Amino acid sequence: MGLCLFLMLGAVSCDDDDDDIEVFDNNTFFEDFSANNLFNDWDLDNDDLLDEDEMTMSFFETWDTNDNEMLDNAELNAIEEDFGMSTADWDVWDTDNDGMIERSEFIAGADTDAIFDSWFTDWDMDADGFIEEREFTDGVFGLWDDDGDGFLSEVEYNGFFDTYFGL
Ligand SMILES: [Ca+2]
Ligand SMILES: [Ca+2]
Ligand SMILES: [Ca+2]
Ligand SMILES: [Ca+2]
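This one's a predicted model, so the numbers in the text were calculated from it and none came from an experiment.

Concerning the overall build of the protein chain
Scanning the protein chain for helices and strands turns up 10 helices and two strands. Counted from the first residue to the last, the protein chain has its helices and strands arranged as α-α-α-α-β-α-α-β-α-α-α-α. Across the 167 residues of the protein chain, 17% fall into the buried class. Of all intrachain contacts in the protein chain linking residues separated by at least 6 positions in sequence, the fraction that spans at least 24 positions is 57%.

Notes on unusual backbone geometry
Positive phi, close to 65 degrees, is recorded for glutamate 69, a residue that is not glycine. Structurally, glutamate 69 can be placed in the loop between helix 4 (52-63) and strand 1 (70-71). Positive phi outside glycine occurs at asparagine 97, with the angle close to 55 degrees. Positionally, asparagine 97 belongs in the loop between helix 6 (90-93) and strand 2 (101-102).

Quick notes on the nonpolar core
If you look at the biggest cluster of nonpolar residues, it comprises 12 residues: Phe29, Phe33, Phe39, Trp42, Leu50, Met55, Trp119, Trp123, Ile131, Phe136, Val140 and Phe141. Contributing elements (two or more residues each) for this core: helix 2 (26-35), helix 3 (38-42), helix 8 (114-123) and helix 9 (133-144). Of the residues forming this core, the biggest block, three residues, is contributed by helix 9. In this structure phenylalanine 136 touches Phe39, Leu50, Trp123 and Ile131, once residues within four positions along its chain are discounted. If you look at the next biggest cluster of nonpolar residues, it comprises five residues, including Leu152, Tyr157, Phe160 and Tyr164.

Here we look at the packing of helix 2 against helix 9
Closest axis-to-axis distance for the helix 2/helix 9 pair is 9 Å, and the angle between their directions is 125 degrees. As far as their axial angle goes, helix 9 and helix 2 are oblique. In this structure, helix 2 meets helix 9 at a crossing whose hand is right-handed. Of the residues in helix 9, those touching helix 2 at Asn26, Phe29, Phe30, Phe33 and Ser34 are Glu133, Arg134, Thr137, Asp138 and Phe141. Within the contact of helix 2 with helix 9, the residues separate by chemical class into four nonpolar, three polar and three charged.

What to know about helix 9
In this model, helix 9 (12 residues) spans 17 Å end to end at C-alpha, consistent with the 16 Å of a helix rising 1.5 Å per residue. Those residues of helix 9 that are buried lie in contact with helix 2, helix 3 and helix 8.

A few points about the environment of glycine 150
Residue placement: glycine 150 occurs in the loop between helix 9 and helix 10 (154-164). With 124 residues separating them in the primary sequence, glycine 150 and asparagine 26 have C-alpha atoms 7.2 Å apart. Each residue touching glycine 150, except ones within four places of it in the same chain, is listed here: Asp25, Asn26 and Asp145.

Quick look at the confidence of the model for the protein chain
When the pLDDT values of the protein chain are averaged, the result is 90; 87% of them are 70 or greater. pLDDT under 50 marks residues 1-14. Its contacts with residues more than four places away, or in other chains, come to zero contacts.

Here we look at the environment of aspartate 51
Topologically, aspartate 51 is positioned in the loop between helix 3 and helix 4. Sequence separation between aspartate 51 and phenylalanine 130 is 79 residues, and the spatial gap between their C-alpha atoms is 5.1 Å.

Conventions adopted
Residues numbered from 1 in each chain as written. Chains lettered and ligands numbered in written order. Predicted model: local features only at pLDDT ≥ 70, side-chain atom pairs only at ≥ 80, totals over all residues. Helix = DSSP H or I, 4+ residues; strand = E, 2+ residues; numbered from the N terminus. Buried ≥ 20, exposed ≤ 12 C-beta atoms within 10 Å, placed from the backbone. Contact = placed C-beta atoms within 7 Å. Core = buried A, V, L, I, M, F, W, Y, C linked by C-beta atoms within 7 Å. Axes fitted to C-alpha atoms, helices over the stretch in contact; angles between N-to-C directions. Parallel < 35°, antiparallel > 145°, perpendicular 65-115°, else oblique. Left-handed = near helix turned anticlockwise from the far one by under 90°. Nonpolar A, V, L, I, M, F, W, Y, C, P; charged D, E, K, R; others polar. Expected span 1.5 Å × (residues − 1). pLDDT = per-residue confidence, 0-100.

Encoded structure:
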């Protein structure tokens, strides 16, 4: 019995034998992301799932990289580049014309942009109508992985992670 358990544990840890090879894939991202508990902050009703409203707000908080409760030009340009948010007409979203997208403008604007619906549907792999943490990280990773080979370089990965999900 003891030996069996030992062998089982041994077999499990064998999977981590290549820890010394730096690979920046969706597993790395999931591990790094889940370590910082952001998902729990966004999951307002604490059901370990994001519904559509929670997911929309998660993007506002992710993209507001200087945490000043508004998206400015630099932040908007960055997300066009980093998240492919090229469909949004920010001037239309900016209903008070102050050049910034505030939280309320973001919620209203996101409602009119099909990209959020399409992400929500595409990322919901088990089609339960909610985004689990792993579905979220795999979805975001897919946006970053331009050539679709499943990997990011160390520079790309660290740049994205530190900018959007670093603490
Ligand atoms: Ca939730
Ligand atoms: Ca900001
Ligand atoms: Ca505004
Ligand atoms: Ca799901």
